[in-house]
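# Chain and residue survey
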Amino acid sequence: MNGPVEVIDEFLSSDECARLAAAAPANCWRPSLSGLPDARSVLSARGGRHSDSVGEGDLDAAGQELLPAIEARLADRCHALVDRFEPWQMSRYRRGDFFDYHLDCGAFGTHASGERERTFLLVVQAPARGGATHFRALGVSVRPIAGRLIAWRNFLPSGRCNHGMIHSGRPVWQGQKIILTTWQHERPFPRGASGRGSEHEASQ
Ligand SMILES: O=C(O)CCC(=O)C(=O)O
Ligand SMILES: [Fe+2]
């Protein structure tokens, strides 16, 4: 699909999906927090979301070792700038879970790395029913199919947040949806304690 929402099927192989779906230890899942990096803002930001998430640092070795190859693929096929990526997050939506309509842009205005300019969402496991990513203002609904990349830009050409990109993760009605998501910021994003950058930083 062309247009404001880019969809690439089989971006992940079925083997990668299987390894990633098994990569989060059961006791690492936490209620998802939306958007904001600091705990102060998190409670108010959480309201419209019901799902669980883990950070990339929680994934097992088999899962973590896939990430550099996935990033290289995103750089190659989507011209992604991976040094601006936030640490990956894996989210799980079980029956009835959802992520209400929101913008990915708008919460990081004062962050050193700037706003979330682009979103890269990889479907690791598809639910049996429900769970589409719905862009209300665009009238676009993208089904969660395992291996599918769903990517979009959150800015207008002027550099302001594009409110036309408002979107939601529709409720899952049967089965479970697992996604692996990152956001490309305006400037390099140092991967802190939760990411692979931490070893690098520590050695400097
Ligand atoms: O689960 C979805 O389809 C949407 C996820 C999303 O909007 C996000 O993680 O920012
Ligand atoms: Fe989003």
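This is a predicted model, so every value here is computed, not measured.

Rules used in this analysis
- Residues numbered from 1 in each chain as written.
- Chains lettered and ligands numbered in written order.
- Predicted model: local features only at pLDDT ≥ 70, side-chain atom pairs only at ≥ 80, totals over all residues.
- Heavy atoms only, no water.
- pLDDT = per-residue confidence, 0-100.
- Contact = heavy atoms within 4.5 Å.
- Disulfide = S-S within 2.5 Å.
- Helix = DSSP H or I, 4+ residues; strand = E, 2+ residues; numbered from the N terminus.
- Buried < 20%, exposed > 50% of the residue type's maximum accessible area, 1.4 Å probe, protein only.
- Salt bridge = Lys/Arg side-chain N within 4 Å of Asp/Glu carboxyl O.
- Near = heavy atom within 4 Å.
- Polar contact = N/O pair within 3.5 Å; in protein donor to acceptor, adjacent residues only side chain to side chain.
- Nonpolar A, V, L, I, M, F, W, Y, C, P; charged D, E, K, R; others polar.
- Donors = N, O, S within 2.8 Å, 3.2 Å for Na, K, Ca; no water.
- Phe/Tyr/Trp six-rings, centres within 6.5 Å; stacked < 30°, edge-to-face > 60°.

## A closer look at the confidence of the model for the chain
Summary statistics for the chain give a mean pLDDT of 90 and a share of 86% for residues scoring 70 or more. Throughout residues 38-46 the model reports pLDDT below 50, and contacts reaching past four residues in sequence, or to other chains, amount to nine contacts. In the model, residues 197-204 has pLDDT below 50 throughout and makes seven contacts with residues more than four positions away in sequence or in other chains.

## Focus: the state of the cysteines
Going through the model one piece at a time under the given rule, you end up with one disulfide. Here Cys 105 pairs with Cys 161 through a disulfide, and the sulfurs are 2.0 Å apart. Measuring the twist about the S-S bond at about -70 degrees, one finds the Cys 105-Cys 161 disulfide to be left-handed. In this pair, Cys 105 sits in the loop between strand 6 (98-102) and strand 7 (116-125) while Cys 161 sits in the loop between strand 11 (149-153) and strand 12 (167-169), placing the two residues 56 residues apart along the sequence. A residue is classified by how much of its surface remains accessible, and Cys 161, at 22% relative accessible area, is partly exposed.

## Some details on the pattern of salt bridges
What the rule picks out here adds up to ten salt bridges. Between Arg 19 and Asp 15 there is a salt bridge whose closest N-O contact spans 3.7 Å. Taken together, the positions of Arg 19 and Asp 15, both in helix 1 (residues 14-21) and four residues apart, correspond to about one turn of that helix. With a relative accessible area of 46%, Asp 15 lands in the partly exposed category. Across the pair Glu 65 and Arg 19 runs a salt bridge, and its minimum N-O distance is 3.5 Å. Taken as a pair, Glu 65 in the loop between helix 3 (61-64) and helix 4 (67-78) and Arg 19 in helix 1 lie far apart in primary sequence, 46 residues in all. Owing to a relative accessible area of 55%, Glu 65 belongs among the exposed residues under this scheme. Under the relative-accessibility criterion, Arg 19 is labelled partly exposed at 30%. Bridged by salt links that share partners, the residues Asp 15, Arg 19 and Glu 65 form one connected network.

## Observations concerning the site of ligand 1
What surrounds ligand 1 is the set Tyr 93, Phe 99, His 102, Asp 104, Leu 121, Thr 133, His 167, Gly 169, Lys 177, Ile 179 and Trp 183. Interatomic distance of 3.1 Å between a side-chain N/O atom of His 102 and an oxygen atom of ligand 1. Between an oxygen atom of ligand 1 and a side-chain N or O atom of Asp 104, the distance comes to 3.1 Å. If you tally residues by element for the shell around ligand 1, the top one is strand 14 (residues 177-185), at three residues. Residue composition of the shell around ligand 1, by class: five nonpolar, four polar and two charged.

## Quick look at the coordination of the iron ion (ligand 2)
Ligation of the iron ion (ligand 2) by protein atoms is provided by His 102 (NE2), Asp 104 (OD) and His 167 (NE2), these donors lying 2.1 Å from the ion. Mapping the donors of the iron ion (ligand 2) onto the primary sequence gives the spacing H-x1-D-x62-H. In this pair, Asp 104 sits in the loop between strand 6 and strand 7 while His 167 sits in strand 12, placing the two residues 63 residues apart along the sequence. A relative accessible area of 3% places His 167 in the buried class.

## Examining the packing of aromatic side chains
Tallied over the entire structure, the rule returns three aromatic pairs. Ring centres of Phe 85 and Trp 88 lie 5.9 Å apart, and the angle between their planes is 90 degrees; on these two criteria the pair is classed as edge-to-face. Among the residues examined, Phe 85 registers a relative accessible area of 0% and is labelled buried. On the basis of relative accessible area, Trp 88 is assigned to the buried category, the value being 1%. Measuring from ring centre to ring centre gives 4.9 Å for Phe 135 and Trp 152, while their planes differ by 80 degrees; the resulting arrangement is edge-to-face. Of this pair, Phe 135 sits in strand 9 (residues 133-135) while Trp 152 is found in strand 11, placing the two residues 17 residues apart along the sequence. In this structure an aromatic cluster arises from ring pairing among Phe 85, Trp 88 and Phe 120.

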